[in-house]
Amino acid sequence: MTDVKMQIFRGEEGEGEMVEYTIGLDEGMVLLDCVHRIQHEQEAELSCRWNCKAGKCGSCSAEINGKARLMCMTRMSDIIEETPEDEVITVRPMKTFPHIKDLVTDVSWNYEMAKAVVPLKGPEETDWVFSQFEAERAQEFRTCIECFICQDTCHVLREYRKFDEFGGPRTMVRLANFEMHPMDQEDRIPEVKDEFGIGYCNINKCCTDVCPAGINITDNAIIPLKERVVDRYYDPIKMIWRTITGRKLRT
Amino acid sequence: MTFESHEYDVIVVGAGGAGLRAAIEASRQGAKTAIICKSLLGKAHTVMAEGGAAAALGNADDRDGWKVHFKDTMKGGKYLNNWRMAQIHAQESADRIRELEQWGAVFDRTPKGLINQRNFGGHTYPRLAHVGDSTGLEIIRTLQEKGIHSGVDIFMEYTVSHLLQNDDGTCTGCVAYNRVDGAMHAFSSKSVILATGGITRCWSVCSGSWEYTGDGHALALNAGAELIDMEFVQFHPTGMVWPPSVRGILVTEGVRGEGGVLKNSEGVRFMFDNVPDMFKGDHAESEEESNEWVRQVVAGEIATVRRPPELLTRDVVAKAINKEVAEGRGSTHGGAYLDIASQRSPEEIISKLPSMHHQFKELAGVDITKEPMEVGPTAHYVMGGVRVDAETQESTVAGLFAAGEVASGLHGANRLGGNSLSDLIVFGKRAGEFAAKRATEVEQPQLDNADIDAAIAANLAPLAREGGENPGKVYDELRDMMQEKVGIIRKEAELESALEDLKEFATRVGKTNPGSSMIYNSGWHQVMDLTNMVEISTACALAALTRTESRGGHTREDHPEPDNGMWSHTTNVIRKIDGDIVINQEELIQPPAELEELLDRVKKED
């Protein structure tokens, strides 16, 4: 067994410091194993969220060496390799959300956003018929594990704090899921534009780069939604039609 | 002591598939409903389910129907199932699946555009509605989104520590603590539904999430409810075995459903030689027949030949792998080889089993489109749990209901893959419905402050301790002990020794020191988990010691054969009397003649 050093943020409500730990390493360990080892051998009180330890639940998000990722899917061998020799591995809580303690943050805003999206509204009859091709368009968005790493990384939220005006990439993925669901009958374009502020996204693709589920958030969710908003509200022919007739042209 | 009070018609403990479905139903019936859950919403263990939900929709093979599903479930359970639960489950699961679709679930489709169904062990026909290999995620997200729009209050990251009861034992509510700030809460409720899942964190090699510490089992036991079938623990045959830190993580049965084969170190497909008498003649007897079945299924044809023996029930496959390893024919790291690369194209593997591909690539550095996986048994599911009424899911304690893995009866001695997700939605709905009905019939309970104070004092006690062991150390050692002595193959001396060890563990848990912080203190929570784990491990070891035969998810090295006598129609019942866990046996109720006819029991007595 070799030893590894790492620094973990310890403290409450944003106040605290980086504390260094030395942990014995076994083959194949992931970063979450190290946190557990610290809990079980050194610091029972150390706070972290986790559930499945298999990359399926999205609970153990943290910023490792400054990059947000899942602790359970981050192999120590990779982290040791990426960390320069004169530096120590660092683990911090997600910066975008209010801090609770150690590696745990208050992610409840994301749940408020989830509730604000109107649910699927399809036909009453059962045994819906649609093709696998149609299913797959919505399914990509449904692989989201709600780790909120995209939200943590998006600068509109992280730097500009636009929590009141912008739903963030996770919300756009949810909206795209319903908007592209083969049976959904709800008109979602007004809320995509106004309530969830898709205009704030300037398609830097940071969210896509960090998504552990590999969802192509920018290209497959956000850009098509932006196009639908543009079609509805900014189409010059329709603007002329509205000016002349005073009526909307629905497509 | 200070606490916050709440009043509800129905409290649901747990927010996995069963809990969410129960809450949706209770609320739909007009009950004021709350969910109290240990983690954030959408993170419960249901999210890890992979292969699919079994329902006789008949979309992929129209020969299927509820009667065949009933027969398969009873046979897989070695006929120790509660027959009525098996019947209700087979009859209602199709409607519950269709309902999920209307709430937003997007299942994979057949060529005709209907919900597709996949083959799984023990199911006669392709029966599992699925989404690739992440069906659990689909189901929990669908129910979660329905739930938050159903008027249900949700207390996330709250843990229920105690149930409250009045003088005649009726359940009147519960005490919970909020992990985020350590505050205590008392809930008065006309009905309480336990939907806390299972117990498999009691074993060091397991596929369960951190929540699986037997909380609901222990709450029920301490409230005087009966637990049944606690000896039956499903060791899923295919967990990851290497590297050590991922040992136990699940490899879906869907790999075999999609044609994956099991081989030993000599390259032999050993399942052909491991068919128990009760399944003789049900499976392919040559590689040619087996390959033809895979060809037909891949081509979307109705299978006309028998399925590969890799699709035998989980108990059978797990024991076969165990035997290969014990006899020196294991893989490099002590498992068996599960090979899909030689059976299907890389494109098909990535499309049908995306999360398996990702999991092995990221965690083990193995590309499953090119190399075989190494797999071995992992503690996966407990068939045993709270004894419930088949129709209403009410336990033997008035006002206390249970649904999903924490309840028992549907699966008998062994659960078929895919029957768990459908169990959650069928019996979750029923629990919600009948808990809400009860709420219209009884008064809002008045809680006794002395009981609440006692519960809170017990919760706070660990924080005041000076010195003492780290609870994490006790946790690790308890799990290692259960793995060694109450594992997949059991024997009398080890089970007796486990029961002795558990007494010592109980003492140690009472002296652990988690530190003094009340804010998101993981160690403090672990002390509470440990208390439940010791109780439930004791129930499991005691039941395993008592049953002197091998059947389904219970294998005794010293009694290796099924007993055709008493144990073939006897249930172990566990309850707590004056603080002691006691066990007795009861005669199993047999199905009525019209259902008995559906079973092929001729081969039962092997």
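In every chain, residue numbers begin from 1 and rise along the written sequence. Chain letters and ligand numbers both follow the written order, the letters beginning at A and the numbers at 1. Note on the predicted model: pLDDT of at least 70 is required for a residue's local features to be given, and 80 or more for side-chain atom pairs to be given and counted; whole-chain, interface and lining totals, by contrast, use all residues. Values reported for side chains reflect all heavy atoms of the structure, with hydrogen atoms and water molecules removed beforehand.

Take the overall build of chain B next. The way it works is that DSSP assigns letters per residue, a run of H or I at least four long becomes a helix, a run of E at least two long becomes a strand, and they are numbered from the N terminus. If you tally the helices and strands in chain B, you get 16 helices and 19 strands. In terms of overall size, chain B behaves like a compact globule, its C-alpha atoms giving a radius of gyration of 23 Å where 606 residues would be expected to give roughly 25 Å. On the principal axes, the C-alpha backbone points of chain B span a range of 70 × 50 × 50 Å. Burial here depends on accessible area, computed with a 1.4 Å probe over protein chains only, as a share of the maximum for the residue type. Under 20% is buried, over 50% is exposed, and the range in between is partly exposed. The buried share of chain B, taken over its 606 residues, is 67%. For this measure, only C-alpha atoms enter the radius of gyration; the expected value for a globule follows 2.2 Å times N^0.38, where N is the number of residues.

Residues and elements named next belong to chain B. Where a domain begins and ends is set by an automatic assignment or by a domain database. Annotation of chain B at the domain level lists domain 1 (4–232 + 383–449), domain 2 (238–378) and domain 3 (462–562). On a C-alpha basis, the centres of domain 2 and domain 3 stand 31 Å from each other. Throughout, a contact is declared for two residues whenever any of their heavy atoms are within 4.5 Å. Across the contact, five residues belong to domain 2 and five residues belong to domain 3. Both sides of the domain 2 and domain 3 interface together cover about 380 Å² of buried area, and 63% of this is carbon and sulfur. Note on terms: buried area is the combined drop in 1.4 Å-probe accessible area of two parts once they are placed together, counting the loss on both. In terms of surface lost to domain 3, no three residues of domain 2 exceed Asp315, Lys319 and Asn322, which account for 86% of the buried area on that side. A pair is scored as a salt bridge if a Lys or Arg side-chain nitrogen falls within 4 Å of a carboxyl oxygen belonging to Asp or Glu. Linking domain 2 with domain 3 are zero salt bridges. Per-element tally for the side of domain 2 that touches domain 3: the top contributor is helix α8 (residues 314–326), with four residues. Here the side of domain 2 that touches domain 3 is composed, by residue class, of two nonpolar, one polar and two charged. Residues are grouped as follows: nonpolar covers Ala, Val, Leu, Ile, Met, Phe, Trp, Tyr, Cys and Pro; charged covers Asp, Glu, Lys and Arg; every other residue, Gly included, is treated as polar.

Residues and elements named next belong to chain B. The span one expects for a helix is its residue count, reduced by one, times 1.5 Å. Here helix α7 (residues 287–298) contains twelve residues, and its C-alpha end-to-end distance of 16 Å stays within 8% of the 16 Å for a straight helix at 1.5 Å per residue. Taken residue by residue, α7 has Glu289, Ser290, Trp293, Val294 and Gln296 as its buried positions. Buried residues of α7, seen end-on, are gathered within an arc of 165 degrees and therefore sit on one face of the element. For α7, the elements touching its buried residues are α6 (254–257). Trailing α7 by a residue or two, glycine 300 shows a phi angle of about 75 degrees, which is positive. Taking the helix axis as origin, the arc is that swept by the directions to the C-beta atoms.

Each partner contributes residues to the interface: chain A has 63 residues there, and chain B has 66 residues. Carbon and sulfur atoms make up 52% of the surface buried where chain A meets chain B, a total of about 5000 Å² over both sides. Considering only the surface of chain A that becomes buried against chain B, A:His40, A:Lys56 and A:Arg142 emerge as the three largest contributors, covering 15% of it. At the junction of chain A and chain B, the tally comes to six salt bridges. Measuring nitrogen to oxygen at the nearest pair gives 2.6 Å for the salt bridge that ties B:Glu145 to A:Arg174. We define a polar contact as two N or O atoms separated by no more than 3.5 Å, with the added condition that, inside protein, one atom must be a possible hydrogen donor and the other a possible acceptor, whereas residues neighbouring each other in sequence contribute only through side-chain atom pairs. If you look at where chain A meets chain B, you find 46 residue pairs in polar contact (both at pLDDT 80 or more). Counting only elements with at least two residues in the side of chain A that touches chain B, the list comes to α1 (31–41), β6 (99–101), α3 (108–116), α4 (132–142) and α7 (168–179) of chain A. Considering every element that reaches the side of chain A that touches chain B, the biggest residue donor is α4(A), with five residues.

The next point concerns the side chain of B:Glu99. All names here are of chain B. Tracing the sequence through the fold places glutamate 99 in helix α3 (residues 83–102). We classify glutamate 99 as buried; its relative accessible area is 12%. In contact with glutamate 99, not counting residues within four places along its chain, are Arg21 and Arg28.

The next thing to look at is the sheet that holds strand β4 (residues 117–118) of chain B. Residues and elements named next belong to chain B. Pairs of strands are assigned from DSSP output, requiring at least two bridges between the strands. In spatial order, the strands read β3-β5-β4; together these three strands make up an open sheet with antiparallel pairing. Looking along the sheet, the strands with just one partner apiece sit at the ends: β3 (53–54) and β4. In the sheet, β4 pairs with strand β5 (residues 128–129) via two bridges, with the strands oriented antiparallel. From the neighbouring strand, glutamine 117 faces β5, where its bridge partner is alanine 129.

Of all hydrophobic cores here, the largest spans 234 residues; its most connected members are A:Met71, B:Ile97 and B:Trp203. If we skip the residues at most four places from it in the chain, B:Ile97 touches B:Ala53, B:Ala55, B:Leu57, B:Phe107, B:Ile115, B:Ala129 and B:Ile425. As used in this record, nonpolar core signifies buried Ala, Val, Leu, Ile, Met, Phe, Trp, Tyr and Cys residues forming a set joined through side-chain atoms within 4.5 Å.

Right, let's get into the pattern of salt bridges. Residues and elements named next belong to chain A. Following the criterion strictly, the structure yields 76 salt bridges over all chains and no others. For arginine 228, the salt bridge goes to glutamate 179, with nearest N and O atoms at 2.9 Å. Taken together, the positions of arginine 228 in helix α10 (residues 217–233) and glutamate 179 in helix α7 put the pair 49 residues apart, joining distant regions of the chain. Note that arginine 188 and aspartate 184 form a salt bridge whose closest N and O atoms lie 2.7 Å from each other. Here arginine 188 matches aspartate 184 in class, with each residue buried.

Before going further, it helps to spend a moment on the sheet that holds strand β15 (residues 385–387) of chain B. Residue and element names in this part refer to chain B. An order of β17-β15-β10-β18-β19 is seen for the five strands of this open sheet, with the pairing classed as mixed. The sheet is open, and its two edges are formed by β17 (407–408) and β19 (580–587), each paired on a single side. Relative to β19, strand β18 (residues 570–577) is paired through eight bridges, and the arrangement is antiparallel. Paired with lysine 576 across the two strands is isoleucine 581, which belongs to β19. Every axis in this analysis is a line fitted to C-alpha atoms, fitted for helices over the stretch in contact. Angles between the N-to-C directions lie between 0 and 180 degrees. Helix α15 (residues 522–546) rests against β10 (227–228), β18 and β19 of the sheet, and its axis sits at about 40 degrees to β19.

What follows is about the packing of α7(A) against α10(A). Residue and element names in this part refer to chain A. Orientation of α7 relative to α10, taken along the N-to-C sense of each, is 70 degrees, at an axis distance of 9 Å. Here α10 runs roughly perpendicular to α7, going by the angle between their axes. Our pair here, α7 against α10, has a crossing hand that is left-handed. Here Pro169, Met172, Val173, Leu175, Ala176 and Glu179 of α7 come into contact with α10, specifically with Ile217, Ala221, Ile222, Leu225 and Arg228. Under this scheme an angle from 65 to 115 degrees is roughly perpendicular, one under 35 degrees roughly parallel, and one over 145 degrees roughly antiparallel; angles in between are oblique. By definition, turning the near helix anticlockwise from the far helix through less than a right angle yields a left-handed crossing, and turning it clockwise yields a right-handed one.

Okay, the pairing of strand β4 (residues 67–70) of chain A next. All names here are of chain A. Strand direction decides the pairing type here: strand β3 (residues 61–64) and β4, joined by four bridges, are antiparallel. Among the inter-strand pairings, glutamate 63 is bridged to a residue of β4, identified as alanine 68. The loop that links β3 with its antiparallel partner β4 comprises two residues; one of these, asparagine 65, has a positive phi angle of about 50 degrees.

A separate point is the environment of B:Gly16. Residues and elements named next belong to chain B. Relative to the assigned elements, glycine 16 resides in the loop between β1 (4–13) and α1 (17–28). Residues glycine 16 and glycine 552, spaced 536 residues apart in sequence, show a C-alpha to C-alpha distance of 26 Å. Setting aside residues up to four positions removed in sequence, glycine 16 forms contacts with Ala44, Thr46 and Ile140.

How big an interface is tends to be stated in terms of the accessible area lost upon association of its parts. Residues and elements named next belong to chain A. Domain parsing of chain A yields domain 1 (2–104) and domain 2 (107–237). For domain 1 and domain 2, the distance between their C-alpha centres works out to 30 Å. With 15 residues of domain 1 at the contact, the number on the domain 2 side is 18 residues. Of the roughly 1300 Å² buried between domain 1 and domain 2, counting both surfaces, carbon and sulfur atoms make up 57%. At the surface where domain 1 touches domain 2, the tally comes to one salt bridge. Linking arginine 158 and glutamate 63 is a salt bridge whose minimum nitrogen-to-oxygen distance equals 2.7 Å.

Patch rule: a residue counts if its relative accessible area is over 30% and it has no salt bridge; like charges are joined within 9 Å, and nonpolar side chains (Val, Leu, Ile, Met, Phe, Trp, Tyr) within 5 Å. Per-residue accessibility takes into account occlusion by the displayed protein chains alone, with areas from the Shrake-Rupley method and a 1.4 Å probe. In this count, Lys and Arg are taken as positive residues and Asp and Glu as negative ones, while His and the chain termini are left out. Just so you know, the charge point we use is NZ for Lys, CZ for Arg, CG for Asp and CD for Glu. Where like charges cluster on the molecular surface, the negative patch consists of A:Glu41, B:Asp476, B:Asp480 and B:Glu484. Sort the elements by how many residues they give to the negative patch and helix α13 (residues 471–485) of chain B lands first, with three residues. As for its position among the elements, A:Glu41 is in helix α1. Classification of A:Glu41 by relative accessible area gives exposed; the value is 56%.

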